[in-house]
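A look at the structure
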Amino acid sequence: MNLRPVNSIIERYGGKRTALINILHDVQDQYSHLPKEALKTVAQKLRIDLPDIYGVATFYKSFSLIPKGKHSLTLCHGTACHVREGVKILREIKRRLNIEPGQTTGDGQISLNVVNCLGVCAIGPVMVLDGKFYGEMNALKARKMVEKILNGRDGGKYEKN
Amino acid sequence: MEGMGENMRKIKSVSQLEGWREQILARLKESETTISVCGGTGCQAYGCQKVKKAFQKELSKGKINNKKITLKYTGCPGFCERGPLVTILPDNIFYQRVKVEDVPQILSETVHHGRKIDHLLFEDPDLHKKILFAQDIPFYRAQKRLLLSKNDLIDPTRIEDYIAIDGYQSLAKVLSRIQPEEIIEEIKASGLRGRGGAGYPTGKKWENCKQAPGDTKYIICNCDEGDPGAFMDRSLLEGNPHSILEGMLIGAYAIGAKQGFIYVRQEYPLAYQNAERAITQARRAGFLGKNILGSGFDFDVDTARGGGAFICGESTALIASIEGRVGEPRSKQVHTVSQGLWEKPTNINNVETWANVPLIVEKGSQWFSSIGTEKSKGTKIFSLVGKVKNTGLVEVPMGITLREIIFDIGGGPQNGKAIKAVQTGGPSGGCIPASLFDLPVDYDSLTRAGSMMGSGGMIVMDEGTCMVDVAKYFVHFLKEESCGKCLPCREGLKRMGEILDGITEGKGNGETLPLLEELANVVADASLCGLGKSAPNPILSGLKYFRPEFEDHVYRKRCPAAVCTPLIQYSISGTDCTGCGACKKACPAQAIEGERKQSHWILPELCTKCGSCRDVCKTQAVRVQ
Amino acid sequence: MKIKTVRITIEGRPIEVEEGNTILQSAHLLGIHIPTMCYMEDLSPYGGCRICVVEIGNDGNGKTFLDASCTHVAREGMVVQTQSPRVIRARKMLAELLVASAPNVKIAQDIAVRMGLLKVRFPMEDHRCVLCGLCIRMCDEQMDGKALGFVGRGVDRRVSMPFETRAETCRLCRGCDYVCPGMIIPCQGVKVPGELCGKCFRPEDAPYCCPSGTFGCFCEQNPL
């Protein structure tokens, strides 16, 4: 695999150990997950023992060691969203996609994540689809958006208003 | 890079800074009107980027004559629920829920002719009156927005905007005529206490770090803000990143640190970007680097990103994270001010704490300590969310009561259900019942009541909130966020989660609540770090004030708030149902039957209790009990 | 050269120890026993199991707190109780949690018996790893292997080698087996006197986490 992007990312941060997580985020953006070879390269360049970097890659929930789906669906499960019945959305999506948070649907279309608070609590319950934030969601709206993807409509532009 | 301006050369002295500031102010005078469109994450979810583009398009058409108009994309002022927000300055006319279609009208009517557009104005729900100016809106009126008001005035991607509102003046003052020891005394005298939750006196912390042996010292800004329901730090770092840098510069100078870090959680991409951009701009301008403003003081800042771990808000775990390790806390027998990052003395402060520093230097410790109560000085930003009408960020003087925040500023209950409690302090805090709403909000009063003020999250709960469910929610949250190092937290939270799950499924018995209490107390006692030690608070405060609700679940297998799904049932009232069939269409499980124009009914064995039927029913015919 | 010392009191007995000693080390010098699980002499203390918690205060202050004695450094004037009601309550509950999680690990049973635990009120599981981390520290500090580490977080935390394959730096020294409390399996084998059952050599009977079992055992059936 082409590891040149990894080396340039490491260089961009000056190979500093304090930038490890920044580096891993950029590597993940590049390859849509953290490939083993990339992690080994980072470990070698930053002089980190392999168990330590593997520990970091598996400790922090934003990292994935397996390739993610085409679309990324993140549901907020912060307290404010929970109090506004956000859990119903999660239940419905889990049921509809038949996967647990952290998994990707069998067809590789959607990766489901749950995050404990996105920091936009005032407009909860909040959902993020492919980087775009949606507020005041409910189970019905969320299910409809998911079905649009699954029914083959090309993902991307979902407008609220 | 955007926002750098033509004269982006290094500022090497205080007088050069003054010259630059005058240049910027002169240019601003030429502008007669400013249109501020909020660009915070909340408004972005409501499509404010499109509104901004619409303004850009209309303005580029060049039809507005004789007026110099500036379009600004500002930081989050905190009234997210009403977004997109547009403010017309200098009059301070406040428009909310602005749509793309409204843009031409705003330009032709308000900007050009000074006429207001009624349907965009905020309407006071009690007086049924339209309000023109932001400062008259009840939500804003009772606040004292010393920090947040700046978000309305600046584009966080433009350093010039910050200079124009006297940015970096406090730094200039400090570097040119104040000694490090004097600054520490000033911060001590102001009474500033840490805004991250623990409330340790900031001046003393700085002093301890300064006195710790060793020449290499670090300062850190903690923007991990993991408490669900809190977004004050996001708004500050997104909306005014230079103010944080200025605070850190002053702190570093006082303590003797040459390197700082801003730790931003992964879930805040915009705050991270804006912080990075501000750092680049500050370096170019000479505010970061060597010999700042010609004073001989060196200091630089790097950002460090989080990886999705709540525990990294804890100072020793945060330090581990910056060191490129897993976020495992360590014993705090030796404090981070003595041994922190790479074993060197390290001073960590929360974003809001840093933001207060330039203000204190500018206006003096006496002014700052005149606000608030005897032991809690200054203002505090709260994130008022949940079952309340006006949600958003609220900046108020310490000592204000919960009632004033929830009712006067928050506007009282949403949906007509009575407010039952407010949860403060995040997962380390607890619930305070409505009967105690006259308590003042400060570092100590809420702690005495069994909760804590915490970082500022304030989640309002009404009769439709089940307090057992809330306790269960927090335990599961902490269980997922536990680092797993120590046995009581890792296993204890798991078992408390199992017990609470059982209670909400109607499986409790006479031993359940005593076991829960015993386990909670041991987890609090024996855990290694603050996460475990404070984990039992939501349970213990729930039991303290809402024991009857817990007992209802355990002994009578009932959920009074109709939340715990195994204990409730959805049904359709025959008298209210019009037979429109909307529920049947909305039901994902095909659990509703009925003919058109005739009463529908729900099949309980198929019902998943998702609530879609209740959401679409126009006659409130769906019942839950 | 004068060695700096501190004076503390444990269970009412005073002792003067060299600065830097932990409470556990000081207790051992006094012959006072404190149960431990994740502690082993000559490996760095970890403070993860919390079994060794003690109640710590300063004389006259009144405020006390619990902390792991294996990591807490002795400071001048400390007053330590190793058997106070608060300590016993904590240790007993910790033992209960431990047994509920790993009933077939000998040390869990040992500690439970010691604390007088008779009943486990939580649904039982059957883990063989107690996440004490001794194998990791042994591999890293004493054997210079640096092959093992903790993986995952919270309840999903486990011990493994990087990328779930045998690390290149693993020399199969079996130091990890040596220190693992989960490896002491009660012998279920010998029924006929004089016969060896050979169960100890079968990887499938070892705890799931046994690095030798999972990643390559150099016994007769599977030579290197």
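Note that the structure is predicted; figures quoted are calculated from it, not measured. (Residues numbered from 1 in each chain as written. Chains lettered and ligands numbered in written order. Predicted model: local features only at pLDDT ≥ 70, side-chain atom pairs only at ≥ 80, totals over all residues.)

**Thoughts on the domain arrangement of chain A**
Rules: By convention here, the domain bounds are inherited from an automatic or database domain assignment.
Assigned domains within chain A: domain 1 (4-59) and domain 2 (71-150). Each of domain 1 of chain A and domain 2 of chain A has a C-alpha centre, and the two are 29 Å apart.

**Some remarks on the domain arrangement of chain B**
Residues and elements named next belong to chain B. Our working rule: Here, residues touch in the contact sense if the C-beta positions derived from the backbone fall within 7 Å of one another. Amino acid classes used here: Ala, Val, Leu, Ile, Met, Phe, Trp, Tyr, Cys and Pro are nonpolar; Asp, Glu, Lys and Arg are charged; the rest, including Gly, are polar.
Along its sequence, chain B is carved into domain 1 (31-141), domain 2 (170-369), domain 3 (379-462), domain 4 (467-555) and domain 5 (569-624). With centres defined by C-alpha atoms, the gap from domain 2 to domain 4 works out at 34 Å. Taken together, the contact between domain 2 and domain 4 spans 10 residues of the former and 8 residues of the latter. Classifying every residue of the side of domain 2 that touches domain 4 by side-chain character gives 6 nonpolar, 2 polar and 2 charged.

**A closer look at helix 7 (residues 139-150) of chain A**
Rules: Comment: elements are numbered from the N terminus, with helices defined as DSSP H or I runs of at least four residues and strands as E runs of at least two. Helix span, as expected, comes to 1.5 Å for every residue beyond the first. To sort residues by exposure, count the other C-beta atoms lying within 10 Å of each residue's C-beta; 20 or more gives buried, 12 or fewer gives exposed, and values between give partly exposed, all with C-beta atoms placed from the backbone.
Taking 1.5 Å of rise per residue, 12 residues should cover 16 Å, and helix 7 of chain A covers 16 Å from first to last C-alpha, within 8% of that figure. Within the sequence span of helix 7 of chain A, burial applies to A139, L140, A142, R143, V146 and I149 of chain A. Here the buried face of helix 7 of chain A lies against strand 1 (71-76), helix 6 (86-97), strand 2 (110-115) and strand 3 (127-129) of chain A together with helix 24 (582-586) and helix 25 (612-616) of chain B. Following helix 7 of chain A by one or two positions, G152 of chain A has its phi on the positive side, about 95°.

**Regarding the sheet that holds strand 8 (residues 259-264) of chain B**
All names here are of chain B. Going by this rule: The pairing criterion for strands is at least two bridges between them, as found by DSSP. Only C-alpha atoms enter the line fits that serve as axes; for helices the fit covers just the stretch in contact. Angles between N-to-C directions range over 0 to 180 degrees.
Pairing is parallel across the open sheet formed by 4 strands, whose spatial order is 9-8-7-10. Because the sheet does not close on itself, it has two edges, and the strands there are strand 9 (300-305) and strand 10 (346-350). The sheet shows a mean angle of 20° between the axes of neighbouring strands, taken without regard to direction. Summarising the sheet, strand 7 (residues 218-223) and strand 10 pair through 5 bridges and their orientation is parallel. Its bridge partner being in strand 10, C221 is matched across the sheet by N349. Sitting on the sheet, helix 12 (residues 241-255) touches strand 7, strand 8, strand 9 and strand 10, and the angle it makes with strand 7 is about 150°.

**Considering the nonpolar core**
Threshold: For this entry, the nonpolar core is defined as buried Ala, Val, Leu, Ile, Met, Phe, Trp, Tyr and Cys residues connected by C-beta atoms within 7 Å.
Counting residues in hydrophobic clusters, the biggest one holds 304 residues, and the most contacted among them are V126 of chain A, I244, Y263 and I405 of chain B together with L98 of chain C. In contact with I244 of chain B, other than residues within four places in its own chain, are C221, L236, L237, I262, V351, W354 and A355 of chain B.

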